[in-house]
Amino acid sequence: MKKEKIMTLVIDKMAITVVKKQVKNLNLSVHAPDGSVRLSAPHNINNDEIHTFITSKLTWIHKQQEKIKKRVTNIPTTSLAFEIGEYHYVAGERHYFKTIQGFEGKPRVEINRHREIVMFVDPWKDRAVREKLMKEFYRDYLKREIPGLVAKWEPKMGVKVTEWGVKQMKTRWGSCNIQAKRIWLNLELAKKSADCLEYIVVHEMNHLLERKHSSRFYQLMDAFLPHWRERKEKLSEQISGKN
Ligand SMILES: [Zn+2]
């Protein structure tokens, strides 16, 4: 296998990073926060061909750069690139996000002493790799938090949770299988504050006492967690979903 070759070409006053590697097609991308342009290309393509290709894409490049400039901070995950300069939420807190350039060890994510999210990953890996890493980080966070919440509420509510799990859900914050006494929690909850997470855990556990969203269900909620409505409000502030 041929080695990667990295070079910089200046086209239309822009410095374009060109990475020649074992790929079949040209792949052009524009990156936050500075709108830098990167092209991965097969080894056998020459500079004239690259020049022609980039020139034909100038309108698209400028449009992407404009988009990056306008980017607001509280954007849904689907439009995040997991790149330096973004902000991501953990436990209701907004954190500056960065990747460690040129990292070749085992990929990982941590929060440093400046409260920044630092992703140790080869920066040439694609977005899907970075998103997956971030999801693993969120999953680990929830797996540390949930046992304590379940243990706190089991005796208070007089119920027993046999099993719990975390998964990505599109339309709900959680779910409860009453027969199996199993609760599922949405991975997205990792972005929410601890009291929001607790509210969902209590809500799902409450289904072990009352299957439906009946008036009894809400009476019980009022008794266990008098301020649950405020927490519910807070939960819907950033991303939509129901429980
Ligand atoms: Zn419910």
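On a predicted model such as this, the values are computed, not experimentally measured, just so you know. (Residues numbered from 1 in each chain as written. Predicted model: local features only at pLDDT ≥ 70, side-chain atom pairs only at ≥ 80, totals over all residues. Heavy atoms only, no water.)

**Q** With reference to specific residues and values, describe the overall build of the chain.
**A** Helices and strands together make up the secondary structure of the chain, namely 6 helices and 11 strands. Each principal axis of the C-alpha distribution contributes one length, and for the chain these read about 75 × 35 × 35 Å. Every one of the 243 residues in the chain was classed for burial, and the buried ones make up 43%. For the chain, contacts bridging at least 24 residues in sequence account for 44% of all contacts bridging at least 6. When the accessible surface of the chain is summed, it comes to about 14,200 Å², and 50% of that surface belongs to carbon and sulfur atoms. Separation of charge centres in the chain, based on 46 positive and 29 negative side chains, amounts to 3 Å. (Helix = DSSP H or I, 4+ residues; strand = E, 2+ residues; numbered from the N terminus. Buried < 20%, exposed > 50% of the residue type's maximum accessible area, 1.4 Å probe, protein only. Contact = heavy atoms within 4.5 Å. Areas by Shrake-Rupley, 256 points an atom, 1.4 Å probe, with all protein chains shown as cover. Lys, Arg positive; Asp, Glu negative; His and termini not counted. Charge placed at Lys NZ, Arg CZ, Asp CG, Glu CD.)

**Q** With reference to specific residues and values, describe unusual backbone geometry.
**A** In this model, Phe 82 sits at a positive phi of 60°, which is unusual for a non-glycine residue. For Phe 82, a relative accessible area of 2% corresponds to the buried category. Here the phi dihedral of Ala 91 falls at roughly 50°; this positive angle occurs in a residue that is not glycine. Assignment of secondary structure puts Ala 91 in the loop between β5 (87-90) and β6 (93-100). When its relative accessible area of 29% is taken as the criterion, Ala 91 is described as partly exposed.

**Q** Give me the lowdown on the coordination of the zinc ion, citing residues and values where you can.
**A** Each pair of donors in an ideal octahedron of six around a metal sits at 90 or 180 degrees, and each pair in an ideal tetrahedron of four sits at 109.5 degrees. Every protein donor of the zinc ion is listed here as His 203 (NE2), His 207 (NE2) and His 213 (NE2), and their distances to the metal cover 2.1 Å. Each donor residue of the zinc ion belongs to the same chain, with the gaps between them written as H-x3-H-x5-H. Residue His 203 is found in helix α4 (residues 194-206), and its partner His 213 is found in the loop between α4 and α5 (215-224); the two are separated by 10 residues along the sequence. Residue class for His 203 comes out buried when judged on its relative accessible area of 3%. (Donors = N, O, S within 2.8 Å, 3.2 Å for Na, K, Ca; no water.)

**Q** Run through the domain arrangement of the chain, naming residues and quoting values.
**A** Structurally, the chain comprises domain 1 (5-70), domain 2 (77-134) and domain 3 (145-235). On a C-alpha basis, the centres of domain 2 and domain 3 stand 29 Å from each other. Each side of the interface is counted separately: domain 2 has 5 residues, and domain 3 has 5 residues. Carbon and sulfur atoms supply 39% of the area that domain 2 and domain 3 bury against each other, a total of about 330 Å² over both sides. Summed over the shared surface of domain 2 and domain 3, the number is 3 residue pairs in polar contact (both at pLDDT 80 or more). (Domains from an automatic or database assignment. Buried area = accessible area lost by both parts, 1.4 Å probe. Polar contact = N/O pair within 3.5 Å; in protein donor to acceptor, adjacent residues only side chain to side chain.)

**Q** So what's going on with the packing of helix α3 (residues 127-157) against α4? Residues and values would help.
**A** Remark: α3 packs on α4, axes separated minimally by 10 Å, with the N-to-C direction vectors making an angle of 50°. Comparing their axes, α4 and α3 come out oblique. For the pair α3 and α4, the sense of crossing is right-handed. Contact with α3, carried on its side by Leu 142, Glu 145, Leu 149, Val 150, Lys 152, Trp 153, Glu 154 and Met 157, involves Leu 197, Glu 198, Val 201, Val 202, Met 205 and Asn 206 of α4 and no other residues of that element. Counted by class, the contact of α3 with α4 contains 9 nonpolar, 1 polar and 4 charged residues. (Axes fitted to C-alpha atoms, helices over the stretch in contact; angles between N-to-C directions. Parallel < 35°, antiparallel > 145°, perpendicular 65-115°, else oblique. Left-handed = near helix turned anticlockwise from the far one by under 90°. Nonpolar A, V, L, I, M, F, W, Y, C, P; charged D, E, K, R; others polar.)

**Q** Give me the pattern of salt bridges: which residues, what numbers.
**A** Tallied over the full model, the rule gives 16 salt bridges. Put simply, Arg 130 and Glu 83 hold a salt bridge, and the shortest N to O gap is 3.3 Å. A residue pair is termed long-range when its members are at least 10 positions apart, and Arg 130 in helix α3 and Glu 83 in the loop between α2 (58-70) and β5 qualify at 47 residues. Judged by its relative accessible area of 4%, Arg 130 falls in the buried class. Accessibility expressed as a relative area gives 11% for Glu 83, which makes it buried. In this structure, Lys 191 and Glu 188 form a salt bridge, with 2.8 Å as the shortest nitrogen-oxygen distance. Take Glu 188: its relative accessible area is 12%, and that puts it in the buried class. (Salt bridge = Lys/Arg side-chain N within 4 Å of Asp/Glu carboxyl O.)

**Q** Now, about the packing of aromatic side chains: what can you tell me, with residues and values included?
**A** Tallied over the entire structure, the rule returns 7 aromatic pairs. When the centroid spacing of 6.0 Å and the interplanar angle of 15° are considered together, the rings of Tyr 199 and Trp 228 count as stacked. Pair noted here: Tyr 199 is in helix α4 and Trp 228 is in helix α6 (residues 228-235), with a separation of 29 residues, a long-range link. On the basis of relative accessible area, Trp 228 is assigned to the buried category, the value being 5%. Aromatic rings pair up to connect Tyr 199, Phe 217, Tyr 218 and Trp 228 into one cluster. Directly above the ring of Phe 120 sits Arg 108, whose terminal nitrogen or CZ lies 3.9 Å from the centroid. Positioned over the ring face of Trp 184 is Lys 167, at 4.5 Å from the centre of the ring. (Phe/Tyr/Trp six-rings, centres within 6.5 Å; stacked < 30°, edge-to-face > 60°. Lys NZ or Arg CZ within 6 Å of the ring centre and 35° of its normal.)

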